[in-house]
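Chain residues, written in single-letter form:
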Amino acid sequence: MPTPAEIKKALLQAGFEVYRTRGDAVHVAERVRENLLMDSGVVVGAEPLRVGFVVRAQRNDFPGAADELLFDRARGLAEAAVARGYTEGEAALRHVQDPGDAARTLDTWCEVQFEKPVTSLELAVSEVGFALSLEKTALPR
């Protein structure tokens with residue numbers, strides 16, 4: 001199995017940006033909005049070798065909707081990935097706190113993590129490209 005350093009090197013050589021390495025996981029950077037803010041919803045894990053990503057539905061975009069409906073909206077974003085062999089991992093609520101007032105919640109995100117084992121570093125790099133192409137946030141219609 002490749003090490004996190006080898007994974008990072010392969011991703012950089014393929015033209016991807018690395019957000020950070022934490023433990024055995026290399027987080028791939030995604031540019032968000034025009035102001036070039038970075039986020040990381042795609043990860044390559046070393047042991048075992050796997051590619052994962054997170055999709056979400058944000059409470060502020062769907063006021064009054066039940067949590068399960070928001071989780072279903074998030075899961076809907078991953079339909080193409082499930083058909084490609086990704087499986088659902090953790091589904092969790094994440095409360096986004098106001099950085100100036102920790103007692104104040106700005107939004108609640110219903111996040112679902114998906115993951116796929118891969119057999120080689122080349123496949124991992126290919127799957128990163130696929131995962132980056134997916135919409136990660138459910139939008140109101």
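Think of each chain on its own: its residues are numbered from 1, step by step along the sequence as written. Per-residue local features are limited, in this predicted model, to residues with pLDDT of at least 70; the limit for side-chain atom pairs, both in listing and counting, is 80 or more; totals at the level of whole chains, interfaces and linings are taken over all residues. To get the side-chain values, take all heavy atoms of the structure and skip hydrogens and water.

## Here we look at the packing of helix α1 (residues 4–13) against helix α4 (residues 121–133)
So, point 1. Axis lines are fitted through C-alpha atoms, for helices just across the contact stretch, and the angle between N-to-C directions can take any value from 0 to 180 degrees. The numbering of helices and of strands both runs from the N terminus, where a helix is a DSSP run of H or I of at least 4 residues and a strand a run of E of at least 2. The N-to-C vectors of α1 and α4 enclose an angle of 55 degrees; their axes lie 10 Å apart at closest approach. With respect to α4, the axis of α1 lies oblique. Read as a crossing pair, α1 and α4 show a hand that is right-handed. On α4, the residues that touch E6, I7, A10 and L11 of α1 are L121, V125 and V128.
So, point 2. Within the contact of α1 with α4, the residues separate by chemical class into six nonpolar, no polar and one charged. For classification, angles of less than 35 degrees are called roughly parallel, those exceeding 145 degrees roughly antiparallel, those between 65 and 115 degrees roughly perpendicular, and all remaining angles oblique. Crossings are assigned a handedness: left-handed for a near helix turned anticlockwise from the far helix by less than a right angle, right-handed for a clockwise turn. Residue contacts follow a heavy-atom distance rule, with two residues in contact if any of their heavy atoms lie within 4.5 Å. Think of it as three bins: nonpolar holds Ala, Val, Leu, Ile, Met, Phe, Trp, Tyr, Cys and Pro, charged holds Asp, Glu, Lys and Arg, and polar takes everything else, Gly as well.

## A closer look at the side chain of R56
So, point 1. You can see R56 is positioned in strand β4 (residues 50–58).
So, point 2. In this scheme, a residue with accessible area under 20% of its type's maximum is buried, one over 50% is exposed, and one in between is partly exposed, where area comes from a 1.4 Å probe on protein chains only. Using a relative accessible area of 16% as the deciding quantity, one classes R56 as buried.
So, point 3. Side-chain polar atoms of R56 contact the side chain of Q58, separated by 2.9 Å.
So, point 4. Not counting residues up to four positions away in its chain, the partners in contact with R56 are D39, A74, L77, R94, W109, C110, E111, K136, T137 and A138. Think of a polar contact as two N or O atoms within 3.5 Å of one another; within protein, one of them needs to be a possible hydrogen donor and the other a possible acceptor, and neighboring residues in sequence only count if both atoms come from side chains.

## Section: the nonpolar core
So, point 1. I7, L11, V44, F53 and V128 are the most contacted members of the largest nonpolar core, which totals 34 residues.
So, point 2. Counting only elements with at least two residues in this core, the list comes to α1, β2 (25–32), β3 (37–45), β4, α2 (67–76), β6 (101–117) and α4.
So, point 3. Considering every element that reaches this core, the biggest residue donor is α4, with six residues.
So, point 4. Residues within four places of V44 in sequence aside, it is in contact with I7, L11, D24, A25, V26, L49, R50, V51, A124 and V128. The term nonpolar core refers to a set of buried residues drawn from Ala, Val, Leu, Ile, Met, Phe, Trp, Tyr and Cys, joined through side-chain atoms within 4.5 Å.

## Structural notes on the pattern of salt bridges
So, point 1. Salt bridges are defined as contacts in which a side-chain nitrogen from Lys or Arg sits within 4 Å of a carboxyl oxygen from Asp or Glu. Per the counting criterion, the structure on display carries 11 salt bridges.
So, point 2. Close ionic contact of E115 with R50 constitutes a salt bridge, the shortest N to O distance being 3.4 Å. Highlighted residues: E115 in strand β6 and R50 in strand β4, separated in sequence by 65 residues.
So, point 3. Using a relative accessible area of 30% as the deciding quantity, one classes E115 as partly exposed.

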